[in-house]
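# Overview (structure and organization)
For reference, the chains in residue letters:
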Amino acid sequence: MNHGASMGVAAMVAGKPVLVSEIDEREAMVRAGNLASALPREGTSEGRQLRRWLTQLVAAERVVAAEAAARGASPAGAVGEDELLPDVAARLEIGSVAAAVLATPLARAVFAEVTQAVEISDEDVTAYHARNPLRFASKPAVQQQGWRAKPVPAGLGEVRDQVAAHLLAAARRRAFRLWLDVRCAELVELAPGYEHPGDPRQPDNTHRH
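One structure accompanies this document, and this report is about it.

About the thresholds
- Residues numbered from 1 in each chain as written.
- Predicted model: local features only at pLDDT ≥ 70, side-chain atom pairs only at ≥ 80, totals over all residues.
- Heavy atoms only, no water.
- Helix = DSSP H or I, 4+ residues; strand = E, 2+ residues; numbered from the N terminus.
- Buried < 20%, exposed > 50% of the residue type's maximum accessible area, 1.4 Å probe, protein only.
- Contact = heavy atoms within 4.5 Å.
- Areas by Shrake-Rupley, 256 points an atom, 1.4 Å probe, with all protein chains shown as cover.
- Salt bridge = Lys/Arg side-chain N within 4 Å of Asp/Glu carboxyl O.
- Axes fitted to C-alpha atoms, helices over the stretch in contact; angles between N-to-C directions.
- Left-handed = near helix turned anticlockwise from the far one by under 90°.
- Nonpolar A, V, L, I, M, F, W, Y, C, P; charged D, E, K, R; others polar.
- Pairing = 2+ DSSP bridges.
- Parallel < 35°, antiparallel > 145°, perpendicular 65-115°, else oblique.

## Quick look at the overall build of the chain
Each helix and strand in the chain was counted, giving eight helices and three strands. For the chain, the α and β elements follow one another from N to C terminus as β-β-α-α-α-α-α-α-α-α-β. By the burial criterion, 34% of the 209 residues in the chain qualify as buried. Within the chain, contacts between residues at least 6 apart in sequence are counted, and of these 69% link residues at least 24 apart. Within the structure as shown, the chain displays about 12700 Å² of accessible surface, and the carbon and sulfur contribution to it stands at 56%.

Printed below as a string of structure tokens:
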């Protein structure tokens, strides 16, 4: 795969280069995978945006690896990916790059370290339940002829633990995303042609106003 100077630099992370050849290799892996048919063609605007996204991912992986080394974090005992990102909503909430980074146990170990101090209050739990009384309601019973009874709102006492776990998980995802955004802003320098996909200054950003 030839994208110009193969030994060029796509980004610098904490002063160390991410080579264009590394992005080439990652793109080749993605294009050899199950999602190949859904990917944009090489050389198109969308194809260049894919490479920019892959550069973001590789840089974020480097940032997380550096944090793991600094903290002495170990992938041993890391929680499963499905526990941190249980559904599509959670993945959208944390963002595509952070979600992809968390595919590795080492990144999930860093997640645990970075977010261990995150807490939610009783007031948060009470307010959420008041706004969403059916969020953890008992499932409606199926009645005759396929009709379902209306879901029954659960009292706060019954679902407090579920609500608290839901809110804490969401708060930890937000904290990790913010931490990753800040660290990437501090440590990552992107080369021309490998800017952030959403950077309005780069020519392939289609979200102009």
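## Focus on helix α6 (residues 105-115)
Burial in α6 covers these residues: A107, R108, A109, V110, F111, V114 and T115. Close packing links the buried residues of α6 with α2 (45-71), α3 (81-84), α4 (88-94), α5 (96-101) and α8 (156-187).

## A short note on the pattern of salt bridges
Taken as a whole and assessed by the stated rule, the structure comprises 13 salt bridges. One salt bridge connects E67 with R71, and the closest N-O pair in it is separated by 2.7 Å. Of this pair, E67 and R71 both sit in helix α2, four residues apart, which is roughly one turn of that helix. Of the residues examined, E67 reaches a relative accessible area of 13% and is grouped as buried. A salt bridge links R183 to E67, with the nearest nitrogen and oxygen atoms 3.9 Å apart. Taken together, the residues R183 in helix α8 and E67 in helix α2 connect sequence positions 116 residues apart.

## Some words on the packing of α2 against α6
Orientation of α2 relative to α6, taken along the N-to-C sense of each, is 60°, at an axis distance of 9 Å. For the element pair α2 and α6, the recorded crossing hand is left-handed. Taken together, the residues of α6 that come into contact with α2 (itself represented by V64, A65, E67, A68 and R71) are L106, A107, V110, E113 and V114. Looking at the contact of α2 with α6 residue by residue, the classes come out as seven nonpolar, no polar and three charged.

## Here's the deal with the pairing of strand β1 (residues 9-13)
Looking down a regular strand, the side chains alternate between one sheet face and the other. The pairing of β1 with strand β2 (residues 16-19) spans four bridges and is classified as antiparallel. In the sheet register, V13 faces β2, and the bridge partner there is K16. Hairpin connection, β1 to β2: the antiparallel pair is bridged by two residues, and A14 has positive phi, about 55°. Examined bridge by bridge, β1 and strand β3 (residues 188-190) share three bridges and lie antiparallel to one another. Following the sheet pairing, M12 is matched in β3 by E189.

## What to know about the sheet that holds β3
With respect to topology, three strands assemble into an open sheet ordered β2-β1-β3, the strand pairing being antiparallel. Edge positions in the sheet fall to β2 and β3, since each has one partner strand and no second. Adjacent strand axes in the sheet meet at a mean angle of 25° when their direction is disregarded. Contacting β1 and β2, helix α1 (residues 20-31) crosses the sheet at an angle of about 45° to β2. Strand contacts of α8: β1 and β3, with the helix running at about 65° to β3, the strand carrying the most contacts.

## Regarding the packing of α2 against α8
Where α2 meets α8, the axes come as close as 10 Å, and the angle between the chain directions of the two elements is 100°. Accordingly, the angle class assigned to the pair α2 and α8 is roughly perpendicular. Touching A60, V63, V64 and E67 of α2 are F176, W179, L180, R183, C184 and L187, all from α8.

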